[in-house]
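Residues per chain are reported as follows:
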Number of protein chains: 2
Amino acid sequence: MSTTTGRRVSEARERLLRTASALFYAEGIRAVGVDRVVEEAGVTRATFYRHFPGKDDLVVAYLGVVHDAVRDAAGEEAGAARLRRTVGAMTETLCSPGFRGCSFINAAAEFADPDSPVHRAVAAHRGWLSALFATDLAAAGHPDPDGAAAHLMMLRDGAMVAGYLADPEVARATLLRGLDAILDEAG
Amino acid sequence: MSTTTGRRVSEARERLLRTASALFYAEGIRAVGVDRVVEEAGVTRATFYRHFPGKDDLVVAYLGVVHDAVRDAAGEEAGAARLRRTVGAMTETLCSPGFRGCSFINAAAEFADPDSPVHRAVAAHRGWLSALFATDLAAAGHPDPDGAAAHLMMLRDGAMVAGYLADPEVARATLLRGLDAILDEAG
DNA sequence: CCATAGGTAGAACGTTCGGTCTCTTTCTGC
DNA sequence: GCAGAAAGAGACCGAACGTTCTACCTATGG
């Protein structure tokens, strides 16, 4: 077990990932070069390439960070409560300053090739989220969990876009109202 | 009036714009360089820079082409009919092969700076579309045209994303059903 | 018939891109 | 105290980026 004691899982790697996440989200992925990330992380190029095979891997790691945050916000036990918690967390993010839309939707806009690792990561997250919605809806006794999950996913996507390019408060209220309506269809 | 007779408003310019539109939409704006556009349009760099001050202007022109197409699909006389026609045209696009989402949402993902000409063009189109929705809703006798327009805009945005990253048929049906529900609130 | 505008052709600009390299320093575990 | 991994410093690569340039050709309109 007891692996390298000192700086645990590489302090430089964490700084790299944190810096890249902020930059990619705020300015766009293709708009930010490796130079920028490396410089603002206070790390040398050599160090970057020791931790990541290439820029694409950094992008995938960035999306992994966002995915983990959503997963952690959701929690464990399936049901209407988790659904409200998950969607509630989204509406919080939606209205916070610096919100620039959904990381995954934005990434898919930049990486069109379905075979690209980045595009695959987007598809994986969206598949996971849809499945979570469907599971919770089923646990809440919804007669058509899959259809309702697809519907809810669309509402969420619209809210994410509107939170960036329109009024976040309206987006928040509309998404919450939509969730209530879907939950009303269940028991 | 009678300006240059021959090739009307510059054949080369039109080829440039057509090629750029296809490329930008299919692969992303930052992913496509001037070299690619110029080469695939069968035109030299000098010709490109005689017609466009720079790449940004080409991007804005591309968004203008898309905007014009939406405007033409909408038509003139305000009301429920125009609303159905406009949204109906969107659901057609949504389900057609090669659909890669909304040009404006995708452009905003790549151009984060609100002062950028590209971001401004996105905001302008979205403002125009929201206003069109509100006008039609008001003409149809909706009690809260602005609120309903914001709601419809969110449904549209969600459908655009879902048409690209999820099931287009579901997106189409859900958007159409949402429009009906909103129209039911009116007379 | 000549001026002019729009086109082609293609070299070149400086910058940035993603990525690789060598050399030295620092820290940890044995 | 010494081996070895992790990181710093920074030069370097070829390619692509957006952009500018000169030179020549070819239509038109006056």
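Please read all numbers here as calculations on a predicted model, not as lab measurements.

Draft legend 1. Geometry of the confidence of the model for chain A. All names here are of chain A. Averaged over every residue, the pLDDT of chain A is 93; residues scoring 70 or more account for 95%. Predicted confidence in chain A is weakest over helix α3 (residues 45-51), with a mean pLDDT of 92, and strongest over helix α6 (residues 103-110), with 98. Confidence over residues 1-7 falls short of pLDDT 50; this stretch has one contact with residues more than four positions distant or in other chains.

Draft legend 2. Structural detail: the packing of aromatic side chains. Using the criterion set out here, one finds six aromatic pairs over all chains in the structure. Their ring planes at 75 degrees and their centres at 4.7 Å tell us that Phe48(A) and Tyr49(A) sit as a pair that is edge-to-face. Under the relative-accessibility criterion, Tyr49(A) is labelled partly exposed at 43%. A network of ring pairs unites the aromatic residues Phe48(A), Tyr49(A) and Phe52(A) as a single cluster. The ring of Phe111(B) carries the charged tip of Arg30(B) above its face, separated from the ring centre by 4.5 Å.

Draft legend 3. Local environment of a negative patch on the surface. Residue and element names in this part refer to chain A. Together, Asp144, Asp146, Asp184 and Glu185 make up a negatively charged patch on the protein surface. Structurally, the position occupied by Glu185 is in helix α9 (residues 168-185). Judged by relative accessible area, Glu185 falls into the partly exposed class, the value being 47%.

Draft legend 4. Broad picture of the interface of chain A and chain B. The partner chain B presents 31 residues to the 31 residues of chain A that form the contact. Of the roughly 2300 Å² buried at the junction of chain A and chain B (both faces included), carbon and sulfur atoms supply 72%. Its largest share of buried area at the contact with chain B, chain A owes to Ala109(A), Met154(A) and Leu165(A), together 26% of the area lost on that side. Here chain A is connected to chain B by six residue pairs in polar contact (both at pLDDT 80 or more). At eleven residues, helix α8 (residues 145-165) of chain A tops the list of elements feeding residues into the side of chain A that touches chain B. The residue inventory of the side of chain A that touches chain B, partitioned by class, reads 19 nonpolar, six polar and six charged.

Rules used throughout
Residues numbered from 1 in each chain as written. Chains lettered and ligands numbered in written order. Predicted model: local features only at pLDDT ≥ 70, side-chain atom pairs only at ≥ 80, totals over all residues. Heavy atoms only, no water. pLDDT = per-residue confidence, 0-100. Helix = DSSP H or I, 4+ residues; strand = E, 2+ residues; numbered from the N terminus. Contact = heavy atoms within 4.5 Å. Phe/Tyr/Trp six-rings, centres within 6.5 Å; stacked < 30°, edge-to-face > 60°. Buried < 20%, exposed > 50% of the residue type's maximum accessible area, 1.4 Å probe, protein only. Lys NZ or Arg CZ within 6 Å of the ring centre and 35° of its normal. Patch = residues over 30% accessible without salt bridge, like charges linked within 9 Å, V, L, I, M, F, W, Y side chains within 5 Å. Areas by Shrake-Rupley, 256 points an atom, 1.4 Å probe, with all protein chains shown as cover. Salt bridge = Lys/Arg side-chain N within 4 Å of Asp/Glu carboxyl O. Lys, Arg positive; Asp, Glu negative; His and termini not counted. Charge placed at Lys NZ, Arg CZ, Asp CG, Glu CD. Buried area = accessible area lost by both parts, 1.4 Å probe. Polar contact = N/O pair within 3.5 Å; in protein donor to acceptor, adjacent residues only side chain to side chain. Nonpolar A, V, L, I, M, F, W, Y, C, P; charged D, E, K, R; others polar.

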